[in-house]
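What follows is each chain in one-letter form.
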Amino acid sequence: MELGVIGLGRMGAGISRRLMRDGHRCIVYDQAAATVQQLAGDGALAATGLSDMLARLAKPRTVWVMLPAGKITEDTITALGDMLESGDIVIDGGNSFYKDDIRRAKTLREKGIVYVDIGTSGGIWGLERGFCMMIGGEPDAVAHIDPILRALAPGAGSIDRTPNRDGRDPRVEQGYLHCGPAGSGHFVKMVHNGIEYGIMQAYAEGFDILKNKDSHELPEDQRFTLDMADIAEVWRRGSVVSSWLLDLTSQALAENVSLSNFTGDVSDSGEGRWTIEAAIEEAVAVPVLSTSLFARFRSRQVHTFGEKVLSAMRFKFGGHTEPKA
């Protein structure tokens, strides 16, 4: 297929390269001209702006917006809505708020333009591992872009099949799911990220307990000096708490067991807050998820070893750096 990609950051560039590896044609644009030229060197067609991109795409056109949630995404989709035509498709693959998706889809539908929201997970590893995708939008549009989704998805890989799934959507086992109408993809991804906060916080608190077992506040015969890197590594092998996040934690500790390259100032990118807001709207109790979000707020005042573990995980899976003082 042919696809326009707007935004060539950590994930947008990976999406473009993975699609081109599968034989798809990408016309790319980013405000950073040097980034555009790097992708052009890998086989993409470089566009100088939105109008240039759209002029190069054959109709009906499909454009994937991969920009940070907020004003830049809103402005870009508004501009595309003024330039595209009936039958064209706009995909927002970033981390937009799902209620914004519902509004945008209604606005674009009045012009005959189709809106698809894709919650995209995979971070900086997506180029090699593939991207897990949660998709919202009209079934016909999702079916139309299936070759793109199939190329981006991780595939079944070596993961054992879950019993009793006969008759269910086979795309799920390939790593992508059509969740429902516009907004549902980003809603599922939002809750995914809220869960991610809770899992990461559990690891962080556990390693903090282990790290502080040599505290002088404890009786001497109860103090242990434990090796964080080796504990993370042994848990990776056969433990019930093994996971990709633990794999990345083990890597970070093997590189620097004190994690002195991190301060422990842990940012939140929005989805955790939105997940808590949704829980309040639905009157659903989420003590673990809410506490993990508040722990990130506190980390910006007092840093612990556990928060360094959190920072290390965020950097490893998504390339997220700590705020500069």
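Residues numbered from 1 in each chain as written. Predicted model: local features only at pLDDT ≥ 70, side-chain atom pairs only at ≥ 80, totals over all residues. Heavy atoms only, no water.

**Examining the pairing of strand β7 (residues 132–136)**
For clarity, the cut-off: Burial classes: relative accessible area under 20% of the type maximum marks a residue as buried, over 50% as exposed, and values in between as partly exposed (1.4 Å probe, protein chains only). The numbering of helices and of strands both runs from the N terminus, where a helix is a DSSP run of H or I of at least 4 residues and a strand a run of E of at least 2. In this analysis, strands are considered paired if DSSP registers two or more bridges between them.
In terms of residue burial, β7 counts as a mostly covered element, since four of its five residues are buried. As defined by bridge partners, strand β6 (residues 114–121) adjoins β7 across five bridges and the pair is classed as antiparallel. Within the sheet, the bridge partner assigned to S121 lies in β7 and is C132. Across four bridges, the pairing between β7 and strand β8 (residues 176–180) is parallel. In the sheet register, M134 faces β8, and the bridge partner there is L177.

**As for helix α11 (residues 244–255)**
Owing to its 3.6 residues per turn, the α-helix brings residues three or four apart onto one side. Note the following rule: Each helix should span, by expectation, one fewer than its residue count multiplied by 1.5 Å. Contact definition: two residues touch when any of their heavy atoms are within 4.5 Å. By the criterion applied in these results, polar contacts are pairs of N or O atoms within 3.5 Å in which, for protein atoms, one can donate a hydrogen and the other can accept it, and in which residues neighboring in sequence qualify only through two side-chain atoms.
Taking 1.5 Å of rise per residue, the twelve residues of α11 would be expected to cover 16 Å, and the 17 Å separating its terminal C-alpha atoms lies within 8% of that figure. Within the sequence span of α11, burial applies to L245, L246, L248, T249, S250, A252 and L253. For α11, the secondary structure elements touched by its buried residues are α9 (184–211), α10 (228–235) and α14 (305–318). A side-chain oxygen of the first residue of α11 lies 3.3 Å from the backbone nitrogen of L245; this N-cap is S243.

**Digging into the packing of helix α4 (residues 71–83) against helix α5 (residues 98–109)**
How two helices sit against one another is set out by the angle between their axes and by the gap between those axes. Applied cut-off: Between the N-to-C directions of two axes lies an angle of 0 to 180 degrees, each axis being a line fitted to C-alpha atoms and, for a helix, fitted only over the stretch in contact. Angle categories: roughly parallel below 35 degrees, roughly antiparallel above 145, roughly perpendicular from 65 to 115, and oblique for all the rest. Crossing handedness: left-handed means the near helix sits turned counterclockwise from the far one by under a right angle, and right-handed means the same turn made clockwise. Under the grouping applied here, Gly and all other residues not named as nonpolar or charged are polar, the nonpolar ones being Ala, Val, Leu, Ile, Met, Phe, Trp, Tyr, Cys and Pro and the charged ones Asp, Glu, Lys and Arg.
Direction vectors running N to C along α4 and α5 enclose 15°, while the axes themselves pass 11 Å from each other. One finds that α4 runs roughly parallel with respect to α5. Like other packed secondary-structure pairs, α4 and α5 cross with a definite hand, here right-handed. For the pair formed by α4 and α5, the contact residues are T73, E74, I77 and G81 on the first element and R103, R104 and L108 on the second. The residue makeup of the contact of α4 with α5, split by class, is two nonpolar, two polar and three charged.

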